[in-house]
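# Fold and contact review
Each chain, written out:
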Amino acid sequence: MRSPHHITAHPYPNPYEELGSLDDGPLAEFLVEEEDEAEAQDDPWAPPNHRRGSRRKRPGRLAGLPFAMKAVVALLVLAAFLTLADRWALLYAERRAADTLKNRLKLTAAPEVEISGFPFLTQLADERLDSVKVTVPDVAADRISLAQVTATATDVRLDTDGPTSVRGADVPRLQGDVLLSFADLNRELGASQVTFTGEGHDRVRARGTLPVAGHDLRLRAEARIVRNGDRGIATHIGGMRLEIGDLATYRPGARTSEGLHLSRRSVTRLAHETRKAKALLSVPAVVRRLGVPDPLVREALRNESKLTELVGTPRFLHQAMRLNLIDLALDHPRLLALLGFDPALLDALPRLTRPVLTDQLSLGFRLPEPPSGQVRLRDVRVEKDGIRVRLEGAGLAVGR
């Protein structure tokens, strides 16, 4: 028999003992967190403080940067301000220089002045400019206007009383070019409705109309552009002719090929215009100049078929075209009127001499002489937009 004091172990574990063994485990952490939250809930509530003094100061944007970086930023800001001041001083100087040149040179428009080199203030303090470019539009030159004069001066020496007072400048060297625009020529010489275009390296072609005694005559001419001395440009006009419809052509001059001559078409029509052909052959002076034998002339005046045969020969056509009608205008005005010429036109044409037409078509000009130093023109060339001439200068002074 078993003893009454003998206790048999319980087959199942005691749950309280298991709970006690877990006092250092996850449950304990959970219980501790709940206790902390409970203690926080027991603290008395207080309203938030919105006063400025209670705000926490934030560090500046540059507070976290090293000293070297701050110095670089400061230098960049200073350089930006100095550059801005230098550019402002440059623009002011360019504007003052443009106004001065306009007044001293008596220009109709202020030129465009561009001062090169950086920085400008150091050049001004040194009283020397590396390069100055001046562009002057619409420069009057004799009877025409130059579209543009562009010149670049280098190593300009300034005469100053300080950075804010510039009395003048010395220009040791100057280079540029002069443009005589065809568009300006067409506008300025447009009274005769003539258009100028480039043709080759040194030639200009003139085409248009010229009003003469109530008639618009077609004008054709060629001009060769040459340099005239060191400061001028001259034009040699050649091939001038005025076409009076398809009736005749007038070339000013006293040579055999010049004067007033019937056109080929006009002479060819004489073979079919019996009245005009007979009137022409009825003038002895004309017959002598044509070189037609008198027996052939008398036979042609009696027989129209013979007249048509004579007038249609190549020799007659050639001689008739060489006939200078200006010589016949005074002695035989009715003959010229029969051929279709207006007497007023015949009276005006002799006054259109070569010098008169040359003056109307002249593209020449001459640069004014500078107060000091010298300016020379070089390398005349004809381009698509006009006549361009290279410009050189030396020993010039401005503002003195």
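Residues numbered from 1 in each chain as written. Predicted model: local features only at pLDDT ≥ 70, side-chain atom pairs only at ≥ 80, totals over all residues. Heavy atoms only, no water.

Right, let's talk about the sheet that holds strand S12 (residues 374-382) for a bit. Across the sheet, which stays open at both edges, the six strands sit in the order S1-S2-S3-S4-S13-S12 with antiparallel pairing between neighbours. Two strands in the sheet have a free side with no partner beyond their single neighbour: strand S1 (112-116) and S12. Here the strands of the sheet are splayed against their neighbours by 15 degrees on average, with no regard to which way each runs. Two elements, strand S2 (residues 128-141) and strand S3 (residues 144-160), share twelve bridges in a ladder whose sense is antiparallel. Looking at S3, one finds that Ala140 is bridged to Ser145. (Pairing = 2+ DSSP bridges. Helix = DSSP H or I, 4+ residues; strand = E, 2+ residues; numbered from the N terminus. Axes fitted to C-alpha atoms, helices over the stretch in contact; angles between N-to-C directions.)

Tallied over the full model, the rule gives two cavities of 30 Å³ or more. One number sums up the size of the largest cavity: a volume of about 40 Å³. For the largest cavity, the full set of lining residues is Phe196, Val204, Arg205, Ala206, Ala221, Glu222, Ala223, Ile237 and Leu361. When contributions to the lining of the largest cavity are tallied by element, the ones reaching two or more residues are strand S6 (203-212) and strand S7 (215-228). Tallied by class, residues from the lining of the largest cavity come to seven nonpolar, no polar and two charged. (1 Å grid on protein atoms, 1.4 Å probe; cavity = no way out; pocket = protein on both sides within 12 Å on 5 of 7 lines; lining within 4 Å. Points joined across faces, edges and corners; volume = space filled by probe spheres on them. Nonpolar A, V, L, I, M, F, W, Y, C, P; charged D, E, K, R; others polar.)

Here the focus is the pattern of salt bridges. Summed over all chains, the structure comprises 26 salt bridges. One salt bridge in this structure joins Asp130 and Arg128, with 2.9 Å as the shortest N-O distance. According to the relative accessible area criterion, Arg128 is partly exposed, its value standing at 24%. Through salt bridges that share partners, Asp126, Arg128, Asp130, Asp155 and Arg157 make up one connected network. (Salt bridge = Lys/Arg side-chain N within 4 Å of Asp/Glu carboxyl O. Buried < 20%, exposed > 50% of the residue type's maximum accessible area, 1.4 Å probe, protein only.)

The quantities given are spatial measurements derived from coordinates; they are silent on function.
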